[in-house]
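So you can see what is in the structure, the chains are spelled out below.
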Number of protein chains: 2
Amino acid sequence: MTDPIPDFYAVIPAGGIGSRLWPLSRADAPKFLHDLTGSGRSLLRATWDRLEPLAGADRIAVVTGRAHRAAVEGELPGIPDKNVFLESEPRDSTAAIGLAAAILARRNPEVIIGSFAADHVIRVPHLFEWAVRQAVATAREGYITTIGIQPSEPSVGFGYIKKGDELIVEGAPEAALVESFVEKPDLETAKTYFAERSYLWNAGMFITRADVLLSEIAANRPELHAGLLELAEAWDDREARGPVVDRVWPGLEKIAIDYSVAEPAAAKGRLAVIPGHFDWDDVGDFASLSKLNSGGRSENLAILGENARILADAATGIVVSNTPRVISVIGVKDIVVVDTADALLVTTTEHAQRVKGVVDALKLTGRGDVL
Amino acid sequence: MTDPIPDFYAVIPAGGIGSRLWPLSRADAPKFLHDLTGSGRSLLRATWDRLEPLAGADRIAVVTGRAHRAAVEGELPGIPDKNVFLESEPRDSTAAIGLAAAILARRNPEVIIGSFAADHVIRVPHLFEWAVRQAVATAREGYITTIGIQPSEPSVGFGYIKKGDELIVEGAPEAALVESFVEKPDLETAKTYFAERSYLWNAGMFITRADVLLSEIAANRPELHAGLLELAEAWDDREARGPVVDRVWPGLEKIAIDYSVAEPAAAKGRLAVIPGHFDWDDVGDFASLSKLNSGGRSENLAILGENARILADAATGIVVSNTPRVISVIGVKDIVVVDTADALLVTTTEHAQRVKGVVDALKLTGRGDVL
């Protein structure tokens, strides 16, 4: 299981600021460029490192905004120039992943792409690899395949995938059809999901033959599909690309791949799922970051930051230190302190979701310099 | 009542860092140099401004550490050079006030000195003036006189003065003897004190003829008294002063004036008190600072700092902003956030007293650079 998978190409959409992680995440320093686990690697780099054994360094593509090109190439010195797909503006995930599929399908019609977010945290890599290998095997059979995370607790923070009938696929003993997608549940419902074991967390991973994905987009969103083909046709022609991107890209429909592809495919029995048994987190807010970094012990104060100088007394929660300042936290429970050069956040894990509202308010009050 | 009081000299001991207000107060920026009320003036300057109508600008002396000379003169450009009494090292309040008394008594044997801390907050100046004028009248009769604050609530944060028999003093209709001093009480006791009205807060203000004060020191601490006289004799001789200070000052006994003078004088029926009806606070910690700056409304978030850029949502307590950073506080109750260039404190008003422990810990752990 150590050779790259034939015809497999990993695609990393690296977009999204991660507003709920402000002031750590910013327009010019989005979440995927940060080390959120104390590993010494950015989330993007960790994603690359996880995918390299599966795809090989020559077959990992990143879809990102023009503004992040230098940062992405800095994090991933091994990425071939031709595999950095730059968006002139964000057009949501169908455009981003569809563009990669269309370009890569022109380069290799047999290609199987796997799309993995740049800003998630995954632990236990060999279990991740095992899930991806099963997913690729299932994708070869023509299924659009997702990896659903086997829940470790009754979370109300994620959407769920209900697993349906099992599939007989060689090399994918755990493959099953997706019966349906379910929105974030309330706690009571989450508890029944957790007990049933047939509900998996929706981690937004899709593994599919590029041609199958494009057919599904064509069936559901023909104009978007036409735009993607036009872009792909010009893409590898240095001179043709620019004008076509300028003309076509801004007009592409903004729609999440969940709605343009996954749900319609599930309804047609064309969506498969592989259960993932690895630790996974989308690090959606500081509460999740706190949990991720406290070793699961709520009586701990998690500390994130290379040169953190923290003095804590009877404090729990998380301190993110991005400056050389001494930070003292005394007698505060479930606190969130995020210390950056030009902005400071103090809240609690309970109110972590409200951080996005602050970002909106800062925009409105003319303090966008710190966003 | 607008002319300076004849023979009256105000003395401002400006020592003490105010460790409970770290990281705002520091060794090189002690509490008295800060504006803690949002008035635009440091506490020292506000103390000067309060005393100037009573003593005149030529008759206010400051006793401070050598390290603070420039800062003190910067705050008080009107202070005559001869009225800045520099300590080579701190020797507690008997030495500080006794030195001023001894020097000023040599300059004018009739002098009445009033000692007022540099770092307290007082509101309603005309009531303060009225109390001081009564205290000076009482001091002329030979009493060492203190001003005790009429409590506005049953505080457990201050020591108390129990008022005894009334005194008949012209110009001081409220003068009374001090029956005794009482340490900080528990809440139950504080409530009975508050109900009785004969218990006043000990604000550490002393108004007395300099010769009377020196006699009291002589009676109780003869060696300390001898040292002070030797210092005073040399003081106004520029050449003699240095060697005498170097020889005598470091050997002076360290003792608070409460123990060397006030308690013994009270026991002998020589200590008088004038009730003060003005608002007073010693701003002992961030809880008291929060209260002081929130207009008494606990549902407020008090904000201190000239260029504060605060975004608060469902937050109460206090934010002290000493940097141009944006500070966002969300969903935290009774929070204390103190943001300075090299150190950040996050605690709650409930734990405000523990800040001193942090300062001690920082010393021990080699992070004294931020103290």
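What you see is a predicted model; the values in this text were computed from it and never measured. (Residues numbered from 1 in each chain as written. Chains lettered and ligands numbered in written order. Predicted model: local features only at pLDDT ≥ 70, side-chain atom pairs only at ≥ 80, totals over all residues.)

1. Describing the confidence of the model for chain A
Per-chain confidence: chain A averages 95 in pLDDT, with 99% of residues scoring 70 or above. ipTM for the predicted complex: 0.88, alongside a pTM of 0.90. (pLDDT = per-residue confidence, 0-100.)

2. Examining unusual backbone geometry
Backbone torsion omega between Trp22 of chain A and Pro23 of chain A reads 5 degrees, so that peptide bond is classified as cis. Considering the arrangement of structural elements, one finds Pro23 of chain A in the loop between β1 (8–14) and α1 (43–55). You will see that Asp7 of chain B, though not glycine, has its phi angle at about 65 degrees, which is positive. According to the C-beta neighbour criterion, Asp7 of chain B is partly exposed, with 18 such atoms within 10 Å. Its identity is not glycine, yet Asp334 of chain B carries a phi of approximately 55 degrees, on the positive side. Along the chain, Asp334 of chain B turns up in the loop between β15 (326–330) and β16 (335–339). Residue Asp334 of chain B is classed as partly exposed on the basis of its 18 C-beta neighbours within 10 Å. (Helix = DSSP H or I, 4+ residues; strand = E, 2+ residues; numbered from the N terminus. Buried ≥ 20, exposed ≤ 12 C-beta atoms within 10 Å, placed from the backbone.)

3. Quick look at the interface of chain A and chain B
Counting residues at the interface gives 31 residues for chain A, matched by 31 residues for chain B. Of all elements in the fold, only β13 (309–313), β15 (326–330), β16 (335–339), β17 (343–348) and α11 (355–364) of chain A reach the threshold of two or more residues within the side of chain A that touches chain B. With 6 residues, β17 of chain A is the single largest residue contributor to the side of chain A that touches chain B. A per-class count over the side of chain A that touches chain B returns 17 nonpolar, 6 polar and 8 charged. Here β15 of chain A runs beside strand β17 (residues 343–348) of chain B; their pairing, made up of 4 bridges, is parallel. Each bridged residue has a counterpart across the sheet, and for Val329 of chain A the counterpart in β17 of chain B is Val346 of chain B. (Contact = placed C-beta atoms within 7 Å. Nonpolar A, V, L, I, M, F, W, Y, C, P; charged D, E, K, R; others polar. Pairing = 2+ DSSP bridges.)

4. Here's the deal with the sheet that holds β16 of chain B
Read across the sheet, 6 strands follow the order β13(A)-β15(A)-β17(B)-β16(B)-β14(B)-β12(B) without closing on themselves; strand pairing throughout is mixed. The strands lining the two open edges of the sheet, one partner per strand, are β13 of chain A together with β12 (301–304) of chain B. If you compare each strand with its neighbour and ignore which way they point, the axes differ by 10 degrees on average. Contacts from helix α11 (residues 355–364) of chain B reach β13 and β15 of chain A together with β17 of chain B, with the element oriented near 135 degrees to β13 of chain A. (Axes fitted to C-alpha atoms, helices over the stretch in contact; angles between N-to-C directions.)

5. Topic: the environment of Leu301 of chain A
Residue and element names in this part refer to chain A. Along the chain, Leu301 falls in strand β12 (residues 301–304). Judged by C-beta crowding, with 21 C-beta atoms within 10 Å, Leu301 ranks as buried. Expressed as a C-alpha distance, the spacing of Leu301 and Arg133, which sit 168 residues apart in the sequence, is 37 Å. Those residues in contact with Leu301 that lie beyond four places of it in its chain are Ala312, Ala315, Thr316, Gly317, Val319 and Val329.

6. Quick notes on the pairing of strand β6 (residues 144–149) of chain B
Residues and elements named next belong to chain B. Here β6 lies mainly inside the structure; 6 of its 6 residues are buried. The alternating pattern of β6 places Ile144, Thr146 and Gly148 and Thr145, Ile147 and Ile149 on opposite faces, both of which are buried. Pairing analysis gives 6 bridges linking β6 to strand β10 (residues 271–276), with the strands arranged parallel. Residue pairing across strands places Thr146 opposite Val273, the latter belonging to β10. Examined bridge by bridge, β6 and strand β9 (residues 199–209) share 4 bridges and lie antiparallel to one another. Along β9, the bridge assignment pairs Gly148 with Asn202.

7. A short note on the domain arrangement of chain A
Residues and elements named next belong to chain A. When cut into domains, chain A gives domain 1 (8–281) and domain 2 (287–370). Taking only C-alpha atoms into account, the centre of domain 1 sits 29 Å from that of domain 2. Among the residues making up the side of domain 1 that touches domain 2, the classes are represented as 5 nonpolar, 3 polar and 2 charged. (Domains from an automatic or database assignment.)

8. Examining the sheet that holds strand β14 (residues 317–321) of chain A
In spatial order, the strands read β12(A)-β14(A)-β16(A)-β17(A)-β15(B)-β13(B); together these 6 strands make up an open sheet with mixed pairing. Only two strands of the sheet have a single neighbouring strand rather than two, namely β12 of chain A together with β13 (309–313) of chain B. Neighbour-to-neighbour, the strand axes of the sheet open up by a mean angle of 10 degrees, direction not taken into account. Running at roughly 95 degrees to β14 of chain A, helix α10 (residues 286–293) of chain A makes contact with β12, β14 and β16 of chain A of the sheet. Contacting β17 of chain A together with β13 and β15 of chain B, α11 of chain A crosses the sheet at an angle of about 135 degrees to β13 of chain B.

9. A closer look at the packing of helix α7 (residues 222–235) of chain A against helix α8 (residues 238–248) of chain A
Residues and elements named next belong to chain A. At their nearest, the axes of α7 and α8 sit 8 Å apart, and the two run at 165 degrees to each other. On the basis of their axis angle, the class for α7 and α8 is roughly antiparallel. Between α7 and α8 lies a crossing whose hand is left-handed. On the side of α7, the interface is formed by Gly227, Glu230, Leu231, Ala234 and Trp235, while α8 contributes Ala240, Arg241, Val244, Val245 and Val248. Each residue belonging to the contact of α7 with α8 can be placed in one class, and the counts come to 7 nonpolar, 1 polar and 2 charged. (Parallel < 35°, antiparallel > 145°, perpendicular 65-115°, else oblique. Left-handed = near helix turned anticlockwise from the far one by under 90°.)

10. Description of the relation of the copies chain A and chain B
Of the transformation placing chain A onto chain B, the axial shift is 0.1 Å and the rotation is 180 degrees, giving an RMSD of 0.0 Å. Such values leave the two copies arranged in the relation of a two-fold axis. Among all residues of chain A, the one whose C-alpha sits closest to the rotation axis is Val346 of chain A, at a distance of 4.1 Å. Both copies contact each other with a shared surface, as 100% of the interface residues of chain A are interface residues in chain B too. (Least-squares fit on C-alpha atoms with pLDDT ≥ 70 in both.)

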